[in-house]
Every structure is written in C-alpha cells, then in structure tokens.
Amino acid sequence: QVQLVESGGGLVQAGGSLRLSCAASGLTFSTYTMGWFRQAPGKEREVVAAMGRSGTTYYADSVKGRFTISRDNAKNTVYLQMNSLKPEDTAVYSCPVRVKFKYVAPVHDDEYGYWGQGTQVTVSS
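What counts as what
- Residues numbered from 1 in each chain as written.
- Predicted model: local features only at pLDDT ≥ 70, side-chain atom pairs only at ≥ 80, totals over all residues.
- Heavy atoms only, no water.
- Helix = DSSP H or I, 4+ residues; strand = E, 2+ residues; numbered from the N terminus.
- Rg over C-alpha atoms; globule rule 2.2 N^0.38 Å.
- Buried < 20%, exposed > 50% of the residue type's maximum accessible area, 1.4 Å probe, protein only.
- Contact = heavy atoms within 4.5 Å.
- Salt bridge = Lys/Arg side-chain N within 4 Å of Asp/Glu carboxyl O.
- Pairing = 2+ DSSP bridges.
- Axes fitted to C-alpha atoms, helices over the stretch in contact; angles between N-to-C directions.

1. Observations regarding the overall build of the chain
Counting its regular elements, the chain contains 0 helices and 12 strands. Going residue by residue from the N terminus, the α and β elements of the chain occur as β-β-β-β-β-β-β-β-β-β-β-β. Against the 2.2 N^0.38 benchmark of 14 Å for 125 residues, the chain shows a C-alpha radius of gyration of 13 Å, consistent with a compact globule. If you line up the chain on its principal axes, its C-alpha atoms span 40 × 30 × 25 Å. Within the span of the chain, comprising 125 residues, buried residues form 42% of the whole. Expressed as a percentage of contacts within the chain between residues at least 6 apart in sequence, the contacts between residues at least 24 apart total 56%.

Okay, here's the thing in structure tokens:
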C-alpha cells in the first residue's frame, strides 16, 4: 500500500523559509518521478516542482529561483526547500507520485496518484 506523508508546513512571515518533507512507503521510490503541487483556497491545484528518477527537475515559473526540490532515495523522501516566501505561496502542499506519462512536461495533476493529506503553508505579509 502506497503512502505519502507530507510535513514541514507552518506559518511564516513573508521573506522567510520553510522546508517541506514527503516520506513515501509502499513503492520503489527511486524509480518514480515525484511532484510537489499546491492548492490555495478557491484556486485550482497547480504544480510547483517535480523531480525525475534521474534527478531532472521542473519548476513553475512562479517559484523559480526561490524553491528547490531534492530527493534522498535512501530515505524514500522528497523535499521542497522554499525561500523568499510570499503571501501568494499560501496553500496546501502535496507530493504525489507520477504514475502516467501522457504528456512530456510533468505538470498535469491527472498524471499523478497517491495524494497524501498535504501540509499547510501560510505566509503572512
């Protein structure tokens, strides 16, 4: 049974930093592309970043230069380091597994599965 558990969210002032973690179990973690998505109240879910099994990365334009995705295959964990946070980064952040490859870019949430509960990130101005 695949399980993903996100942690590390919280309340931070604008300009601050947070590091999110996502612990995976029940799958051969190193063989999967992992993504970070977020959903703010009243908005559609959007991709934040993704990392392939070879280490290739993708970032949404809105977070380039501020967020960094990384993974530790020995710990079955993917991370999202978030710096220079802005109020518009406020959302619930989730780390699903990419299970389909209909498209080239890893940005479509319908290609991902095993969504966890997510972790709330709130950035105050």
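Back to the write-up after that little detour.
2. Considering the pattern of salt bridges
Counted according to the given criterion, the structure contains 7 salt bridges. Among the ionic pairs, Arg45 bridges to Asp109, the shortest N-O distance being 3.2 Å. With a gap of 64 residues between them, Arg45 in the loop between strand 4 (34-39) and strand 5 (46-51) and Asp109 in the loop between strand 10 (97-98) and strand 11 (112-113) connect regions that are remote in the sequence. Note that Lys102 and Asp110 form a salt bridge whose closest N and O atoms lie 3.2 Å from each other. Each of the salt bridges in this network shares a partner with another, and the network as a whole consists of Arg38, Glu46, Arg66 and Asp89.

3. Some thoughts on the sheet that holds strand 7 (residues 67-72)
Read across the sheet, 4 strands follow the order 1-3-8-7 without closing on themselves; strand pairing throughout is antiparallel. Two strands close off the open sheet at either side, each with one partner strand: strand 1 (3-7) and strand 7. Averaged over all neighbouring strand pairs, the angle between strand axes comes to 15°, with direction disregarded. The pairing of strand 7 with strand 8 (residues 77-82) spans 6 bridges and is classified as antiparallel. The partner of Ser70 across the bridge, within strand 8, is Tyr79.

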